[in-house]
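# What the coordinates show
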Amino acid sequence: MIAAVVVGNVWSTRRIDGLPVGALLEVAALATGERLIAFDVLGSGAGEQVLVCQGRAASQWLPGGPPIDALIIGSIDRVNEIQRPATPAEA
Amino acid sequence: MIAAVVVGNVWSTRRIDGLPVGALLEVAALATGERLIAFDVLGSGAGEQVLVCQGRAASQWLPGGPPIDALIIGSIDRVNEIQRPATPAEA
Amino acid sequence: MIAAVVVGNVWSTRRIDGLPVGALLEVAALATGERLIAFDVLGSGAGEQVLVCQGRAASQWLPGGPPIDALIIGSIDRVNEIQRPATPAEA
Amino acid sequence: MIAAVVVGNVWSTRRIDGLPVGALLEVAALATGERLIAFDVLGSGAGEQVLVCQGRAASQWLPGGPPIDALIIGSIDRVNEIQRPATPAEA
Amino acid sequence: MIAAVVVGNVWSTRRIDGLPVGALLEVAALATGERLIAFDVLGSGAGEQVLVCQGRAASQWLPGGPPIDALIIGSIDRVNEIQRPATPAEA
């Protein structure tokens, strides 16, 4: 998964059949800034940090396996970053 | 999914069996400019902004699961971009 | 899919069981120059521009679902590139 | 798979149904520094070097095939790096 | 697939259940130098050039569909590189 922040809402009225009910949110990866559009069923809001699952694993969680390749699976409360202990070569 | 704009039409007469009926459109990702070829059943036109689903989830929506790894799933009406609220460290 | 040009032939005699009969061709993505090895059943030749499907969708088209993650699905006759109409901000 | 080091813990209380029990760990790829969030059932700790499997293969190992696209499959004891022998052109 | 060279051996004793018997080899992509860890059943050695299949297609070839996302499918004997014929614009 990637950690991302919700940056926008996508509106699409002309679309293929079989897409489930939910929001299409634009998110930006926290690590790289990469933008993608993720499907959301949690009601995530602007500025919220979320976990995004990509690929077929996202699709298969949704009823009928729709053509959705990114899904918000949770809201991030916090990330406890822990630095890697210095190796002897670095110390 | 990625947001992309339709930039071209691909013509291919010699192809493998089992490809479905539809257009092969060249699209450019809005965020990066990356080019890819996506299958389209919506009649999307040049300059139109679209949502593209990639990978196996694209294939499985099509009858028979053909070797198609990118599918246009909708036309983008608009994207409402919302900036992330400044964090205390940024304020 | 990506548009690519055939740039080489790969010879591999020691290989795992279950690979189908066909050629392993080295291709270079037209947009980025990225090199990958794709499976070919169309008899594509050097310098030919082709469409390459990647991932599981490539594998599942082949009998038995072999460990093949890139498949040439067609020969490109031509690409009609169409520029995106200038937006008001760009005009 | 990629070799990565555990750099953090992700806390997420509001999440979709069907996620399995386990930790969500932030890891950094050793080769590139790329950050991703991986699911962990091994009790991996901060600074530990691990192997991460990505994509649908990660999901399918977990009961019910949840929307998880990265899984820690092992702890790395050590990597024995061996340089490629110089080719005649390089010698 | 990508063409890569074997550069190392990965040792991992604490690992999840269900991983098949075989070696975990570190490989470097010939085109980009990108490092990844691939599963090997061919007994590939250091410096050997190999073909690596990535993603779910790699997993499904192995008994039980384990969480393995990269598989060495063959040893490369040689690659015959053929330049793309110059287009009129380039000539």
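For the structure itself, look to the data block above.
We now turn to the structure provided with this report. (Residues numbered from 1 in each chain as written. Chains lettered and ligands numbered in written order. Predicted model: local features only at pLDDT ≥ 70, side-chain atom pairs only at ≥ 80, totals over all residues. Heavy atoms only, no water.)

## Section: the pairing of strand β3 (residues 35-40) of chain B
Residue and element names in this part refer to chain B. We apply this condition: Each residue is placed in one exposure class: buried if its accessible area under a 1.4 Å probe, protein chains only, is under 20% of its type's maximum, exposed if it is over 50%, and partly exposed if it falls in between. A run of H or I in DSSP becomes a helix once it reaches four residues, and a run of E becomes a strand once it reaches two; helices and strands are each numbered from the N terminus. Any two strands with at least two DSSP-identified bridges between them are counted as paired.
Summarising burial for β3: 5 of the 6 residues are buried, a large majority. The pairing of strand β2 (residues 23-29) with β3 spans 6 bridges and is antiparallel. Along β3, the bridge assignment pairs Ala28 with Arg35. Counted along the chain from β2 to the antiparallel partner β3, the turn is 5 residues long, and its residue Gly33 has a positive phi close to 85°.

## A look at the side chain of Ser75 of chain E
Note the following rule: In protein, a polar contact requires one atom able to donate a hydrogen and another able to accept it; more generally it is a pair of N or O atoms within 3.5 Å, and residues adjacent in sequence count only if both atoms are side-chain atoms. For this analysis, residues touch if any pair of their heavy atoms sits within 4.5 Å.
Counting through the fold element by element, Ser75 of chain E comes out in strand β5 (residues 70-75). Polar contacts involving the side chain of Ser75 of chain E include one to the side chain of Glu48 of chain E, which spans 2.7 Å. Not counting residues up to four positions away in its chain, the partners in contact with Ser75 of chain E are Trp11, Ser12, Thr13 and Arg14 of chain C together with Leu42, Glu48, Gln49 and Val50 of chain E.

## Observations regarding the environment of Ile73 of chain E
By secondary structure assignment, the location of Ile73 of chain E is in strand β5. We classify Ile73 of chain E as buried; its relative accessible area is 0%. In the structure, Ile73 of chain E is positioned 40 residues away from Gly33 of chain E in sequence and 19 Å away in space, judged by C-alpha atoms. Setting aside its immediate chain neighbours within four residues, Ile73 of chain E contacts Arg15, Ile16, Leu19, Pro67 and Ile68 of chain C together with Met1, Leu42, Leu51 and Cys53 of chain E.

## Observations concerning the interface of chain C and chain B
Where we set the bar: The term buried area means the drop in 1.4 Å probe accessible area that two parts suffer when joined, counted for both and summed. The rule for a salt bridge is simple: a side-chain nitrogen of Lys or Arg has to be within 4 Å of a carboxyl oxygen of Asp or Glu. Note on residue classes: Ala, Val, Leu, Ile, Met, Phe, Trp, Tyr, Cys and Pro are nonpolar, Asp, Glu, Lys and Arg are charged, and everything else, Gly too, is polar.
Contacts between the two partners involve 30 residues from chain C and, on the opposite side, 32 residues from chain B. Carbon and sulfur atoms supply 56% of the area that chain C and chain B bury against each other, a total of about 2,500 Å² over both sides. On the surface where chain C and chain B come into contact, there are 2 salt bridges. One salt bridge in this structure joins Glu81 of chain C and Arg35 of chain B, with 3.1 Å as the shortest N-O distance. Across the contact surface, chain C and chain B share 17 residue pairs in polar contact (both at pLDDT 80 or more). No other element matches the 5 residues that strand β5 (residues 70-75) of chain C contributes to the side of chain C that touches chain B. When grouped by side-chain class, the residues that make up the side of chain C that touches chain B number 18 nonpolar, 6 polar and 6 charged. As paired elements, strand β1 (residues 2-11) of chain B and strand β6 (residues 78-81) of chain C share 4 bridges and run antiparallel to each other. Pairing of Val10 of chain B across the sheet is with Val79 of chain C, part of β6 of chain C.

## So, the relation of the copies chain C and chain B
Note the threshold: Our superposition of the copies is a least-squares fit, built on the C-alpha atoms of residues whose pLDDT is at least 70 in both.
Rotating chain C by 72° about the axis while translating it 0.0 Å along that axis superimposes it on chain B, leaving an RMSD of 0.0 Å. What the superposition gives is, in effect, a five-fold axis relating one chain to the other. Among all residues of chain C, the one whose C-alpha sits closest to the rotation axis is Arg56 of chain C, at a distance of 5.1 Å. With a heterologous cut-off of 20% or less, the 3% of interface residues of chain C that recur at the interface of chain B puts this contact in the heterologous class.

## Digging into the relation of the copies chain D and chain A
Superposing chain D onto chain A requires a rotation of 72° together with a translation of 0.0 Å along the rotation axis, leaving an RMSD of 0.0 Å. In this assembly the copies use different faces: only 3% of the residues contributing to the interface of chain D also contribute to that of chain A.

## Focus: the pattern of salt bridges
Under the criterion given, the structure shown has 15 salt bridges over all chains. Glu26 of chain D serves as the salt-bridge partner of Arg35 of chain D, at 3.5 Å between the closest nitrogen and oxygen. Look at Glu26 of chain D and you get buried, because its relative accessible area is 9%. Here the salt bridges share partners, and the residues they tie into one network are Glu26 and Arg35 of chain A together with Glu81 of chain B.

Read these as geometric descriptors, not functional statements.
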